[in-house]
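Structural overview for review
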Amino acid sequence: MFIIVDTREIVTAGYASAFEREGYASLELHPSELKDWLEITCAQDLGSVDAILLGECEERIGFVAPIRSRCPEAQIVALEDNSSLDSTLGLFSAGVDDVLKKPIHVREIIARVGAFRRRISARNTSAGTGEIEVFFDGRDPMIGGDVMELPRRERRILEYLVKNKGRRVTKTQIFNAVYGVMNDGVDECVVESHISKLRKKLRNRLGFDVIESTRYIGYMLKDGSMPKQKSTDTRRPVQASQAKQQPIELGTGCVDNKKPYLSVVGA
């Protein structure tokens, strides 16, 4: 999810619409709302933020510290109407991750943030995905060495699961990452439908179920490599063997020399 901060509503609305067309959730905030939003939003929802775009606002440099404190994994991008060397250097010194001059297409923003995400994932050993490779920049994933075309919502869900590989995420977390934290126009149950379709496609391609689902707890992406084969059973076989020729006395006084009994071979 992308957070767009600017004093001009026409700017935030324009970017939000452009992100929506590309299949990415976004949230428009006025600079006066940003710090309060950071404080009241829970950590799970803040973990859904891919980047915070800081447009025109006087407090821009002062926003870096609270963003870093509450959204340590989010990229901070400054959007400049009229860039200058001094301004750019000042923003980088303040701690922003990138400075972009407008106009800039949202696809380029997505690609830059995707490259940043891949670098973070490469440093995180838990982000290994076996036969699944995602790009975080709008491209379809590579599954088992081949491109798998996915609808944009399913692709975003897979990217979010890869980002949180090895950790369980709830339906609400996935919804917020894909549809936005404050989207009341779509029911959360749509996530279950998307994941059901995604699981089936991945299972058909990989031959096993890579998404683990636990009722009331959430979803987790397992290692994208083939599951290990079960070890060979080394237990000693149990079989029927004939009894030694020792007569068994029956209650009637007769003798039966043929009735077998069970024994463990080699025990």
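One structure accompanies this document, and this report is about it.

Calculation notes
- Residues numbered from 1 in each chain as written.
- Predicted model: local features only at pLDDT ≥ 70, side-chain atom pairs only at ≥ 80, totals over all residues.
- Heavy atoms only, no water.
- Salt bridge = Lys/Arg side-chain N within 4 Å of Asp/Glu carboxyl O.
- Helix = DSSP H or I, 4+ residues; strand = E, 2+ residues; numbered from the N terminus.
- Buried < 20%, exposed > 50% of the residue type's maximum accessible area, 1.4 Å probe, protein only.
- Contact = heavy atoms within 4.5 Å.
- 1 Å grid on protein atoms, 1.4 Å probe; cavity = no way out; pocket = protein on both sides within 12 Å on 5 of 7 lines; lining within 4 Å.
- Points joined across faces, edges and corners; volume = space filled by probe spheres on them.
- Nonpolar A, V, L, I, M, F, W, Y, C, P; charged D, E, K, R; others polar.
- Pairing = 2+ DSSP bridges.
- Axes fitted to C-alpha atoms, helices over the stretch in contact; angles between N-to-C directions.
- Parallel < 35°, antiparallel > 145°, perpendicular 65-115°, else oblique.
- Left-handed = near helix turned anticlockwise from the far one by under 90°.

Moving on, we come to the pattern of salt bridges. All chains considered together, the criterion is met by 19 salt bridges. Between Lys 102 and Asp 81 there is a salt bridge, with its nearest N and O atoms 2.8 Å apart. Within this pair, whereas Lys 102 is found in the loop between strand S5 (98-101) and helix H6 (106-123), its partner Asp 81 is found in the loop between strand S4 (75-80) and helix H5 (85-94), the two being separated by 21 residues in sequence. Measuring nitrogen to oxygen at the nearest pair gives 2.5 Å for the salt bridge that ties Arg 199 to Asp 209. Of this pair, Arg 199 sits in helix H9 (residues 190-206) while Asp 209 sits in the loop between H9 and strand S9 (211-214), placing them 10 residues apart in sequence. Put simply, Asp 6, Arg 8, Glu 56, Asp 81 and Lys 102 are held in one network by salt bridges that share partners.

This part covers the side chain of Gln 75. The residue Gln 75 is located in strand S4 in this model. We classify Gln 75 as buried; its relative accessible area is 3%. With sequence-adjacent residues up to four places away left out, Gln 75 is seen in contact with Asp 50, Ala 51, Ile 52, Asp 97, Asp 98, Arg 112, Val 113 and Phe 116.

Sizing a probe to match a water molecule and rolling it over the atoms shows the empty space that remains. Going through the model one piece at a time under the given rule, you end up with three cavities of 30 Å³ or more. By volume, the largest cavity amounts to about 80 Å³. Forming the walls of the largest cavity are Phe 2, Tyr 24, Asp 50, Ile 110, Val 113, Gly 114, Arg 117, Phe 136, Arg 156 and Glu 159. Here the lining of the largest cavity takes four residues from H6, the largest share from any one element. Tallied by class, residues from the lining of the largest cavity come to five nonpolar, one polar and four charged. The volume enclosed by the second largest cavity comes to roughly 60 Å³. Contributing to the lining of the second largest cavity are Ser 48, Asp 50, Phe 136, Arg 156, Glu 159, Tyr 160, Lys 163 and Ala 177. In terms of residue count, the dominant contributor to the lining of the second largest cavity is helix H7 (residues 152-163) (four residues). Taken together, the residues of the lining of the second largest cavity sort by class into three nonpolar, one polar and four charged.

Further remarks concern the layout of surface pockets. Approximately 260 Å³ is the volume attributed to the largest pocket. In terms of lining, the largest pocket is formed by 17 residues, of which the most central are Ala 43, Leu 46, Gly 47, Glu 73 and Arg 167. Elements that contribute at least two residues to the lining of the largest pocket include exactly helix H3 (43-46) and H7. Per-element accounting of the lining of the largest pocket gives the leading share, three residues, to H3. A per-class count over the lining of the largest pocket returns eight nonpolar, four polar and five charged.

This part is about the sheet that holds strand S8 (residues 146-147). Two orientations exist for strands paired in a sheet by backbone hydrogen bonds: parallel and antiparallel. The antiparallel open sheet is built from three strands, whose spatial order is S6-S7-S8. For this open sheet the edge positions go to strand S6 (132-133) and S8, each flanked by a neighbour on one side alone. Sheet topology note: the S6/strand S7 (residues 142-143) ladder contains two bridges and is antiparallel. If you follow Ile 132 over to S7, its bridge partner there is Ile 143.

Attention shifts here to the pairing of S9. Bridge count for S9 against strand S10 (residues 218-221) is four bridges, and the pairing is antiparallel. For Thr 214, the partnering residue across the bridge sits in S10 and is Gly 218. Following S9, the chain reverses through three residues before pairing antiparallel with S10; Tyr 216 in that reversal takes a positive phi of roughly 70 degrees.

Following both chains from N to C, one finds H7 and helix H8 (residues 171-179) inclined at 125 degrees, their axes separated by 10 Å at the closest point. When the axis of H7 is compared with that of H8, the two are oblique. When the axes of H7 and H8 are compared, the crossing they make is right-handed. Packed against H7, whose contacting residues are Arg 153, Arg 156, Ile 157, Tyr 160 and Leu 161, the element H8 presents Gln 173, Ile 174, Ala 177, Val 178 and Tyr 179 at the interface. Among the residues making up the contact of H7 with H8, the classes are represented as seven nonpolar, one polar and two charged.

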